[in-house]
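Understanding the architecture of this molecule
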Amino acid sequence: MDRARGGGVLISTLRLIDRRWELLMLAVPPGCMSLAALTLALSPLRAYPAAISLGVLAMVYVTTVMAGVVLRQGFSLVRSFLGRQSAEENAVGNLPFEHWWMPLCHQARPARVDGFPQQIRLRLSRLIRREVEDAAALRGGRADRAPVTEVLVCLLDGATSAEVREAIARSTEVPASERIALIASSPTPEKPRRRFTESGGFLLVYVAGMVAVVLAEAALVPGWERAACGAVACAGRPDDYMSAVRWLLQRLLLSDPEGLSPQSYQAWTLGWLTSLVGLLLVPVTALSIRQLVTAQRREKLERDRRHGVTSHTRVLIMVATRREVTAVIAAAAKDGEELQDWHMEHHTVHKLGILSSAEVYVHRCEQGALGPSAAMLTAQSLIEQIRPAYVILTGIAYGLKKGEQSPCDIMVATQVRIMDQKRVRDGEEFVTGDRGATSVTLRSRADATATSWTGPPVHFGPMLAMNTLVNDEELIAHLQRTNPDAIGGDMEAGGVYAAATKAGVDWIAIKAICDWGMKKTDKYQKDAAKSSAEFVIRMISRGGLDEPPR
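Conventions adopted
- Residues numbered from 1 in each chain as written.
- Predicted model: local features only at pLDDT ≥ 70, side-chain atom pairs only at ≥ 80, totals over all residues.
- Heavy atoms only, no water.
- Helix = DSSP H or I, 4+ residues; strand = E, 2+ residues; numbered from the N terminus.
- Buried < 20%, exposed > 50% of the residue type's maximum accessible area, 1.4 Å probe, protein only.
- Contact = heavy atoms within 4.5 Å.
- Areas by Shrake-Rupley, 256 points an atom, 1.4 Å probe, with all protein chains shown as cover.
- 1 Å grid on protein atoms, 1.4 Å probe; cavity = no way out; pocket = protein on both sides within 12 Å on 5 of 7 lines; lining within 4 Å.
- Points joined across faces, edges and corners; volume = space filled by probe spheres on them.
- Nonpolar A, V, L, I, M, F, W, Y, C, P; charged D, E, K, R; others polar.
- Core = buried A, V, L, I, M, F, W, Y, C linked by side-chain atoms within 4.5 Å.
- Pairing = 2+ DSSP bridges.
- Polar contact = N/O pair within 3.5 Å; in protein donor to acceptor, adjacent residues only side chain to side chain.
- Patch = residues over 30% accessible without salt bridge, like charges linked within 9 Å, V, L, I, M, F, W, Y side chains within 5 Å.
- Salt bridge = Lys/Arg side-chain N within 4 Å of Asp/Glu carboxyl O.
- Expected span 1.5 Å × (residues − 1).
- Phe/Tyr/Trp six-rings, centres within 6.5 Å; stacked < 30°, edge-to-face > 60°.
- Arc of directions from axis to C-beta.
- pLDDT = per-residue confidence, 0-100.

A word on the overall build of the protein. Secondary structure assignment for the protein yields 17 helices and 15 strands. Buried residues in the protein amount to 43% of all 550 residues. Within the protein, contacts between residues at least 6 apart in sequence are counted, and of these 75% link residues at least 24 apart. Looking at the protein as shown, the accessible area adds up to about 28600 Å², and 57% of this sits on carbon and sulfur atoms.

Another aspect to go through is empty space enclosed by the protein. Enumeration according to the criterion identifies one cavity of 30 Å³ or more in this entry. Size it by volume and the largest cavity reaches roughly 70 Å³. For the lining of the largest cavity, the secondary-structure elements that each account for two or more residues are helix 3 (48-82), helix 7 (202-218) and helix 10 (265-305). Each residue belonging to the lining of the largest cavity can be placed in one class, and the counts come to eight nonpolar, two polar and no charged.

Turning to the environment of Tyr48, a few remarks are in order. Here Tyr48 shows up in helix 3. We classify Tyr48 as partly exposed; its relative accessible area is 28%. Separated by 172 residues in the primary sequence, Tyr48 and Leu220 place their C-alpha atoms 7.1 Å from one another. Tyr48 has contacts with Ala41 and Leu220, leaving out every residue within four places of it along the chain.

On to the nonpolar core, then. In terms of nonpolar packing, the biggest core is built from 35 residues, with Val315, Ile317, Val328, Val360, Ile392, Ile510 and Ile540 touching the most fellow members. Among the elements that make up this core, the one with the highest residue count is helix 17 (residues 525-541) (eight residues). Contact partners of Ile540, with chain neighbours within four places excluded, come to Val315, Ile317, Leu355, Ser356, Ala358, Val360, Ile392 and Leu545.

Moving on, we come to the pairing of strand 6 (residues 348-355). With four bridges connecting them, strand 5 (residues 340-343) and strand 6 associate as antiparallel partners. Each residue of the ladder has a partner; that of Asp341, found in strand 6, is His350. Where strand 5 folds back onto strand 6 in an antiparallel hairpin, the turn is made up of four residues, including His346, whose phi is positive at roughly 75°. Sheet analysis places strand 6 next to strand 7 (residues 358-364), joined by five bridges and oriented antiparallel. Bridged to Ile354 within strand 7 is Glu359. Counting the residues that bridge the hairpin from strand 6 to strand 7 gives two residues, and of these Ser356 lies at a positive phi of roughly 60°.

Another aspect to go through is the side chain of Ser439. Tracing the backbone shows Ser439 in the loop between strand 12 (435-437) and helix 14 (440-452). Reaching out from Ser439, the side chain makes a polar contact with the side chain of Asp506 at a distance of 2.8 Å.

The next thing to look at is the pairing of strand 15 (residues 506-515). Extensive coverage of strand 15 is indicated by the burial of 10 of its 10 residues. With three bridges joining them, strand 9 (residues 410-418) and strand 15 adopt antiparallel strand pairing. Within strand 15, the position partnered with Met411 by the bridge is Lys511.

A cluster of nonpolar residues, Leu10, Leu14, Ile17, Trp21 and Met25, forms a patch on the protein surface that exposes about 480 Å² of accessible area. In terms of residues, the nonpolar patch owes the most to one element, helix 1 (residues 8-19), which gives three residues. By the element assignment, Met25 lies in helix 2 (residues 21-42).

Inspection of the secondary structure assignment puts Lys530 in helix 17. Classification of Lys530 by relative accessible area gives partly exposed; the value is 44%. Considered as a pair, Lys530 and Ile329 are 201 residues apart in the sequence and their alpha carbons are 9.9 Å apart.

Take unusual backbone geometry next. In the Ramachandran plot, Cys408 falls in the positive-phi region, its phi being about 80° despite a non-glycine side chain. Turning to its location among the elements, Cys408 is positioned in the loop between strand 8 (390-399) and strand 9.

Moving on, we get to helix 13 (residues 375-386). Between its first and last C-alpha, helix 13 extends 16 Å over 12 residues, near the 16 Å set by a 1.5 Å rise per residue. Burial in helix 13 covers these residues: Ala375, Thr378, Ala379, Ser381, Leu382, Ile383 and Ile386. The elements touched by buried residues of helix 13 are strand 4 (313-319), strand 5, strand 6, strand 7, strand 8 and helix 16 (493-503). One or two steps after helix 13, the chain reaches Arg387, where phi turns positive at roughly 55°.

In the structure shown here, the tally under the stated rule is four aromatic pairs. Aromatic side chains Trp453 and Phe535 sit 5.2 Å apart centroid to centroid with 85° between the ring planes, which places their arrangement in the edge-to-face category. Of the two residues, Trp453 is situated in the loop between helix 14 and strand 13 (458-465) and Phe535 in helix 17; the sequence distance between them amounts to 82 residues. When its relative accessible area of 0% is taken as the criterion, Phe535 is described as buried.

So, on to the pattern of salt bridges. All chains considered together, the criterion is met by seven salt bridges. The salt bridge involving Asp485 is made with Arg417; its shortest N-O contact spans 2.6 Å. Linking Asp485 in the loop between helix 15 (473-482) and strand 14 (488-490) with Arg417 in strand 9, this pair joins segments that are 68 residues apart in sequence. It is possible to trace a salt-bridge network through shared partners that takes in Asp490, Glu492 and Lys511.

Moving on: helix 8 (residues 221-229). Buried within helix 8 we find Val221, Pro222, Trp224, Glu225 and Cys229. Buried residues of helix 8 fall within an arc of 160° about the axis and therefore sit on the same side. Immediately beyond the C-terminal end of helix 8, within one or two residues, lies Gly230, with a positive phi of roughly 65°.

Okay, the environment of Arg417 next. For Arg417, a relative accessible area of 6% gives the class buried. Separated by 45 residues in the primary sequence, Arg417 and Pro462 place their C-alpha atoms 7.2 Å from one another. Aside from chain neighbours lying at most four places away, what touches Arg417 is Asp434, Arg435, Pro462, Met463, Leu464, Ala465, Asn483 and Asp485. A polar atom in the side chain of Arg417 sits 2.6 Å from the side chain of Asp485.

Here the protein averages 79 in pLDDT, and 81% of its residues register 70 or above. Low pLDDT, under 50, characterises residues 1-6; the stretch is placed with 14 contacts to residues that sit more than four places away or in other chains. Throughout residues 305-310 the model reports pLDDT below 50, and contacts reaching past four residues in sequence, or to other chains, amount to 17 contacts.

Here you go:
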């Protein structure tokens, strides 16, 4: 944002003051007063009354400001807890941390007021496009003329004239309220940032101010004490600088050091004022911690909101035949965009580009679960190298409910049953393989996609995984008899299940029916591959996989 700014030294100074206003108002006045008090006390003039007045005034200023912050935040917390904040107050308090915002808006020339909102839109568009281009360049790509969809939050309290306020209110697509206006496709105000008083940082300033005040006060106390003692020895009195510092530091804890207490009324008054400053440290610390935690949560929300600009969730699609990979590439194809290959260790993966905000890859393994290039070892290798958030196995499979299903129908696995692992006793087989559930998130995304899907019907249920190309009527009958709820089966799901489960990656199998596991032909293979590929690409494109699983 600062790269494109102009306006000379004066404008740059005003921007700096605007950005650091809370810090300046909290630290500069008492700092100047404390410095002036110390100068007067140590100068040849020995203007102690004026120095004392300035020191006390600095303490009163800091105490008043911090007490005001504590009371204001406490009042806001109580109102929020009781549910008495209006929707507008909630919006003013929270929207600036969720969107770009403009806290101050000034246009000195009335003739330019009407074009002011458009100027702001253009500036924000340039800034956000530059950020998108920088993010793309870091990832080895290019982003030309990215559309800007951000919403600018304009705090109308920051408009410096009625004309500016009216111009902003007129430019909003959403009607403006008394205190806030939203401009779509918006401006370049201040980048969302922590306010100093809302990030807990004022605790350090408060502590530094306390130390500075104590050091300044310590220069005044010895003179008062020596004057009060007169000709009598000042034993047990803070009559030198170091003993005064020790006494004042102890006063922050509402007590006097053992054997050390003041005699003069000036020092006694100053000691109690110092104790008040120390007492305020408790609520200031509590408020600072609360504000820091709140600011960190808001920063996390902001990072999550900007996730789609700076990075993408990765989705790996796995298939087992050339016909299947061709169908996936065709379903994801974009006009004028060339397919990119990513040559990795042992494997070459096709980059399908960005669908919604997900970065999608497809790879064809060999048929079956076992073998150097089959599903299990391939999935394990690709998960380690690509680090996808989701793995989707798609393609063609056999159906097990011929009366209820038709060729090219979609099957979404809710569970995968490993059928190859068995125990044989006295000629009788017992299947002992895992029964692994697929990802809850991916099942939900598939279910949501199915509600608006206009292609072949979608069936949900368990699928059987066997490292066997099934083409046997007797075996199919046995599978139907022993697994009456199963909707279909394939050769690769068991391998993908094993690799993804071990890596802790969400996965699912979504396949289309090409035959019934007997009397196989390739009649429906092309259409079934196309059906499953289009369903999977539609599911990703709907935005359900834009964010990684929590």
